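Breakdown of the fold
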There are 2 protein chains.
Amino acid sequence: MAPKYKLHYFDVTALGEPIRFLLSYGNLDWEDIRYDDAKWAESKSKMPFGQMPVLDIDGKIYAQSTAISRYLAKQVGLSGKDDLENLQIDQAVDLFHDFRQKIGGWFYDPIPESKAAKEKDLKDQVTFYLKKFEQIVKDNNGFLVNGKLTWADVYFVAPLKYFKFIYGSDFTEGYPALQELVKKVEATPAIASYIAKRPAGDR
Amino acid sequence: MAPKYKLHYFDVTALGEPIRFLLSYGNLDWEDIRYDDAKWAESKSKMPFGQMPVLDIDGKIYAQSTAISRYLAKQVGLSGKDDLENLQIDQAVDLFHDFRQKIGGWFYDPIPESKAAKEKDLKDQVTFYLKKFEQIVKDNNGFLVNGKLTWADVYFVAPLKYFKFIYGSDFTEGYPALQELVKKVEATPAIASYIAKRPAGDR
């Protein structure tokens, strides 16, 4: 029997959105359970590592957004064709991880002195990563790996709405290959139909 | 023909050590290229993302320590037996990632106000993660996943020397299941023989 999935996450895109895109892409049987602050306060201690996203697969729960995304990618046919292609996918995914940590590390820094210091370098660092990604997509015929859609593209595109929101502007402007990639992923029919009906929050 | 590997990394354990353990475990044909500050200063701009470790596989270079470790694990038989086991491995690996970022994020924080604030919570956070890992190992018969050696164990044990050094003490004391795990991984013959001949730095 086809497995039943339940995604537990906040009512934002961010780390839950690659999982939602992948579940949608594969037309899997899934439930999108969204938490507000009150619901999270009473549920936090029940989550394996006190964090979300958490994916329930037939009653068993798993944490860690990247691990979950890689697993689902395999189920829906968006993994690499061999080990070396998976290495390239993982390399792009880990680079995106570094990139989003620069933005999140600045945005969520609770110490004003430290946040101000990070803010000075933020634009340069964002530019550093965007240039790398732009070049990777140019070198790979419009995708992050080998000229075809893989879960690296989904992992990159899905949470952008959130990171653009906290950064305060659309940082992909001036990076035409990345903008094309965003359009392509979001226009994938099953993903487009999920986006059309997802809650219309600002992040 | 069997591939030739060259690992480029600093002369410390840290993010390079899981890769060295895996290359050793598989008795692969590899060269351990270690950088001092001067060599790194002249090489940094040649690395794909300006970082190390970087692994050269038959003349092609790859970055990102976790991506490289997962790839090598597959080559040497330390991946999971199926997708769900790989999800459990990746979950443990990503949890270790969160753990080491708490320690590294404190140690490398350049802003005194911010570093002091992190230091106040550091012990609690380290305890939080160690308790989780201790419980995972107890629940999995002495390993991180399903009672057998996988690359999650190698990924956890290999860089501990470094993180204990920067933390300033052996934080595994009081966690008997973790201490047993460290011993088991380090006693694996091919890994033990690598450790016996590795440069005897303090980290």
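Throughout, a residue's number is its position along its own chain's written sequence, starting from 1. Chain letters and ligand numbers both follow the written order, the letters beginning at A and the numbers at 1. Per-residue local features of the predicted model are confined to residues with pLDDT of at least 70, and side-chain atom pairs are confined, for both listing and counting, to 80 or more; whole-chain, interface and lining totals are unaffected and use all residues. Hydrogens and water are ignored here; the side-chain numbers use all heavy atoms of the structure.

**Observations regarding the relation of the copies chain B and chain A**
We place the copies in one frame by least squares, fitting the C-alpha atoms of every residue whose pLDDT is at least 70 in both. Between chain B and chain A, the superposition needs a rotation of 180° and an axial shift of 0.0 Å, giving an RMSD of 0.0 Å. The operation mapping one copy onto its partner corresponds to a two-fold rotation axis. Judged by C-alpha distance, Ser 114 of chain B is the residue of chain B that lies nearest the rotation axis, at 3.0 Å. Of all interface residues in chain B, 100% are interface residues in chain A too; the two copies therefore contact each other through one and the same surface. Residue contacts are defined here by distance: any two heavy atoms, one from each residue, within 4.5 Å place the two residues in contact.

**A few points about the pattern of salt bridges**
Each reported salt bridge corresponds to a side-chain nitrogen of Lys or Arg within 4 Å of a carboxyl oxygen of Asp or Glu. In the structure shown here, the tally under the stated rule is 30 salt bridges over all chains. With a shortest N-O distance of 2.7 Å, Asp 83 of chain B and Lys 74 of chain A are connected by a salt bridge. With Asp 83 of chain B in helix 4 (residues 83–107) and Lys 74 of chain A in helix 3 (residues 65–76), this residue pair bridges two chains. Close ionic contact of Asp 11 of chain B with Arg 34 of chain B constitutes a salt bridge, the shortest N to O distance being 2.7 Å. Pair noted here: Asp 11 of chain B is in the loop between strand 1 (4–10) and helix 1 (17–25) and Arg 34 of chain B is in strand 2 (residues 29–35), with a separation of 23 residues, a long-range link. Asp 11 of chain B sits in the partly exposed class, given a relative accessible area of 44%. Elements are defined by DSSP. Helices are runs of H or I of four residues or more, strands are runs of E of two residues or more, and each kind is numbered from the N terminus. Accessibility here uses a 1.4 Å probe with only protein chains present; expressed as a share of the type maximum, an area under 20% marks a residue as buried, one over 50% as exposed, and anything in between as partly exposed.

**Digging into the UniProt feature "domain: GST N-terminal" (unreviewed entry) in chain A**
UniProt positions are given in the numbering used here, feature names are shortened, and annotations may be inferred rather than shown by experiment. Mapped onto the present numbering, the UniProt feature "domain: GST N-terminal" (unreviewed entry) falls on residues 3–80 of chain A. Helix makes up 36% of residues 3–80 of chain A and strand makes up 28%, while its end C-alpha atoms are separated by 22 Å.

**Concerning the packing of helix 5 (residues 112–139) of chain B against helix 8 (residues 176–187) of chain B**
What describes two packed helices is the angle between their axes and the distance between those same axes. All names here are of chain B. Viewed as axis vectors pointing N to C, helix 5 and helix 8 meet at an angle of 70°, and their least axial separation amounts to 8 Å. With respect to helix 8, the axis of helix 5 lies roughly perpendicular. Seen from above, helix 5 lies across helix 8 with left-handed handedness. Across the interface between the two elements, Leu 130, Phe 133, Glu 134, Val 137 and Lys 138 of helix 5 pack against Pro 176, Ala 177, Leu 178 and Leu 181 of helix 8. Gly falls in the polar group here, along with every residue not listed as nonpolar (Ala, Val, Leu, Ile, Met, Phe, Trp, Tyr, Cys, Pro) or charged (Asp, Glu, Lys, Arg). When its residues are assigned to classes, the contact of helix 5 with helix 8 shows 7 nonpolar, no polar and 2 charged. Helix axes are fitted to C-alpha atoms over the stretch in contact, other axes to C-alpha atoms as well, and angles between N-to-C directions run from 0 to 180 degrees. In this scheme, roughly parallel covers angles under 35 degrees and roughly antiparallel covers those over 145, while 65 to 115 is roughly perpendicular and the rest are oblique. In this scheme, a crossing is called left-handed if the near helix is turned counterclockwise away from the far one by less than a right angle; it is called right-handed if the turn is clockwise.

**Quick notes on the UniProt feature "domain: GST C-terminal" (unreviewed entry) in chain A**
UniProt marks residues 82–203 of chain A with the feature "domain: GST C-terminal" (unreviewed entry), using the numbering shown here. Regarding residues 82–203 of chain A, the helix share stands at 73% and the strand share at 0%, and the terminal C-alpha atoms are separated by 35 Å.

**Focus: the interface of chain B and chain A**
Every contact between the two is made by 33 residues of chain B and, on the other side, 33 residues of chain A. Between chain B and chain A, the buried area comes to about 3,000 Å², and carbon and sulfur atoms account for 58% of it. Buried surface area refers to the total accessible area, computed with a probe of radius 1.4 Å, that the two partners give up upon joining, counted for both partners together. Among the residues of chain B in contact with chain A, Phe 49, Leu 87 and Gln 91 of chain B are the three that bury the most area, contributing 20% of the side total. Taken together, the links from chain B to chain A amount to 4 salt bridges. The term polar contact refers here to a pair of N or O atoms within 3.5 Å; inside protein, the definition further demands a hydrogen-donor-capable atom paired with an acceptor-capable atom, and it admits residues adjacent in sequence only when both atoms are side-chain atoms. At the junction of chain B with chain A, the criterion picks out 16 residue pairs in polar contact (both at pLDDT 80 or more). Counting residues per element, the ones that place at least two in the side of chain B that touches chain A are strand 4 (60–63), helix 3 (65–76), helix 4 and helix 5 of chain B.

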